[in-house]
Amino acid sequence: MSANREKPFRFEKADITVSRTKDEFRVQLRGPVIDFKLKKPDIKLDDDTRFILSWLNSPLKTGAVSPSGKDLARAMAEAVDLAIPGDVVELGPGTGPVTEALLAHGVAPERLVLIEYNPDFCKLLRERFPGVRVVEGDAYRMSKTLAGVTAGPLCAVVSSLPLMTRPDPDCIALLDDALAMLSRNGPFVQFTYGPTSPVPVKGRTIRARGGKRIWKNLPPARVWTYRAG
Ligand SMILES: C[S@@+](CC[C@H](N)C(=O)[O-])C[C@H]1O[C@@H](n2cnc3c(N)ncnc32)[C@H](O)[C@@H]1O
């Protein structure tokens, strides 16, 4: 799906159609329960709208209906120790709130590599963060996707992937893949809305640590870090 302000688009899913032409922006809920039209619209797609459209298109991959808040993004970035050499890899950057926090934390743009699945988000990220490498591809195949882009050892891997939509073996394989590319003390950083570790680590030699719940985020979330044991 392509949905930017210059191009007309039409998006249909189950009971909802969202469309835009030169003269009209329209949301229809079938029934018709609602048929909402704006003539000659001047609608800018803000990040919340981009996210909702992405979620409607692919709820399991997008995994959230709005971008992460500033407090959560900052907590993710603060888990990165800039003194550890190597690149910082971000998985599932979306519209870039965590990317922005990583740059504000002091990660140089040329040290940052983003892996994102959604081509519309990739285009936006390239425009928004010049100098940062953006790879359109599958973050669950991290080392393959990064071939020719960056080699380890990495400083940190920072992930906002919606792990709860994937089976445990996929999450464990992702963590193992990341730890194999990371420096000895480099963290794999992951947020979750859930009450427990988003990656099962029981019985494994991995140092896992859950941070405080960030109540200001909607929904409230917690940042976990994982290091090789
Ligand atoms: C919960 S959103 C987080 C977005 C952003 N980092 C934030 O915190 O607001 C998950 C992001 O992961 C991306 N994603 C999901 N599966 C992916 C995959 N296999 N490879 C790369 N990106 C993926 C989605 O497109 C979406 O942008």
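Residues numbered from 1 in each chain as written. Predicted model: local features only at pLDDT ≥ 70, side-chain atom pairs only at ≥ 80, totals over all residues.

> I would appreciate a short explanation of the overall build of the protein in the present structure.
Secondary structure assignment for the protein yields seven helices and eleven strands. Taking contacts inside the protein between residues at least 6 apart in sequence as the whole, the part at least 24 apart equals 61%. (Helix = DSSP H or I, 4+ residues; strand = E, 2+ residues; numbered from the N terminus. Contact = placed C-beta atoms within 7 Å.)

> Just checking my understanding: could you explain the site of the ligand for this structure?
Within the structure, the ligand sits among 22 residues, and Pro67, Ser68, Gly92, Gly94 and Ser160 are positioned closest to it. Within the residue set of the shell around the ligand, elements represented by two or more residues are helix H2 (59-62), helix H4 (97-105) and strand E6 (112-116). Broken down by class, the residue content of the shell around the ligand amounts to twelve nonpolar, seven polar and three charged. (Near = placed C-beta within 6 Å. Nonpolar A, V, L, I, M, F, W, Y, C, P; charged D, E, K, R; others polar.)

> Before we go on, may I ask you to explain the environment of Val201 in this structure?
Its location among the elements puts Val201 in the loop between strand E9 (188-192) and strand E10 (206-210). By C-beta crowding, Val201 is classed as partly exposed, having 16 other C-beta atoms within 10 Å. In contact with Val201, other than residues within four places in its own chain, are Ile206, Ala208 and Tyr226. (Buried ≥ 20, exposed ≤ 12 C-beta atoms within 10 Å, placed from the backbone.)

> Please clarify how helix H7 (residues 168-181) should be interpreted in this entry.
With 14 residues, H7 ought to run about 20 Å at 1.5 Å a step, and its terminal C-alpha atoms sit 20 Å apart, in line with that. Among the residues making up H7, those that are buried are Cys171, Leu174, Leu175, Asp177, Ala178 and Met181. One side of H7 carries all its buried residues, which in axial view fall inside an arc of 160°. Along H7, the residues that are exposed and aim more than 90 degrees away from the buried face are Asp168 and Pro169. On its buried face, H7 is in contact with helix H6 (142-145), strand E8 (156-159), E9 and strand E11 (222-228). (Expected span 1.5 Å × (residues − 1). Arc of directions from axis to C-beta.)

> I tried to follow the sheet that holds strand E5 (residues 88-91) on my own but got confused; where do I start?
For sheets, the rule is that strands pair by backbone hydrogen bonds, running either parallel or antiparallel. Ordered by their spatial adjacency, seven strands build an open sheet running E7-E6-E5-E8-E9-E11-E10, and the pairing between neighbours is mixed. Strands at the two margins of the open sheet, each flanked by one partner only, are strand E7 (133-136) and E10. Neighbour-to-neighbour, the strand axes of this sheet turn through a mean angle of 20°, independent of strand direction. Pairing of E10 with E11, which is carried by five bridges, proceeds in the antiparallel orientation. In the strand pairing of E11, Ile206 is matched with Ala228. Against the sheet, H4 engages E5, E6 and E8, with an angle of about 160° to E5. Docked against the sheet, helix H5 (residues 119-128) engages E6 and E7, running at close to 170° with respect to E7. (Pairing = 2+ DSSP bridges. Axes fitted to C-alpha atoms, helices over the stretch in contact; angles between N-to-C directions.)

> Is there a simple way to explain H4 in this structure?
Helical geometry note: an α-helix holds 3.6 residues per turn, so side chains three or four residues apart project in the same direction. Residues of H4 that are buried include every one of Pro97, Val98, Thr99, Ala101 and Leu102, and no others. If you follow the buried residues of H4, they end up packed against helix H3 (70-78), E5, E6, H5 and E8. Positive phi shows up at Gly106, right after H4, with a value of about 115°.

> Teacher, can you tell me more about the nonpolar core here?
Across soluble globular proteins, you tend to see nonpolar side chains buried next to one another. Core analysis: the biggest nonpolar cluster contains 47 residues, and Met76, Val88, Leu102, Val157 and Val158 have the highest contact counts within it. With residues up to four places along the chain from it excluded, the contact list for Met76 reads Val98, Ala101, Val158, Val189, Phe191 and Val223. (Core = buried A, V, L, I, M, F, W, Y, C linked by C-beta atoms within 7 Å.)

> I keep staring at the environment of Val80 and nothing clicks. Help me out?
Structurally, the position occupied by Val80 is in the loop between H3 and E5. Separated by 108 residues in the primary sequence, Val80 and Phe188 have C-alpha atoms spaced 9.2 Å apart. Contact partners of Val80, with chain neighbours within four places excluded, come to Val88, Leu102, His105, Val107, Cys155, Ala156 and Val158.

> Help me understand the confidence of the model for the protein in this model?
Segments scoring low in pLDDT should not have their predicted coordinates read at a detailed level. Taken over all residues, the pLDDT of the protein has a mean of 86, while the share at 70 or more is 83%. Confidence over residues 1-6 falls short of pLDDT 50; this stretch has 16 contacts with residues more than four positions distant or in other chains. (pLDDT = per-residue confidence, 0-100.)

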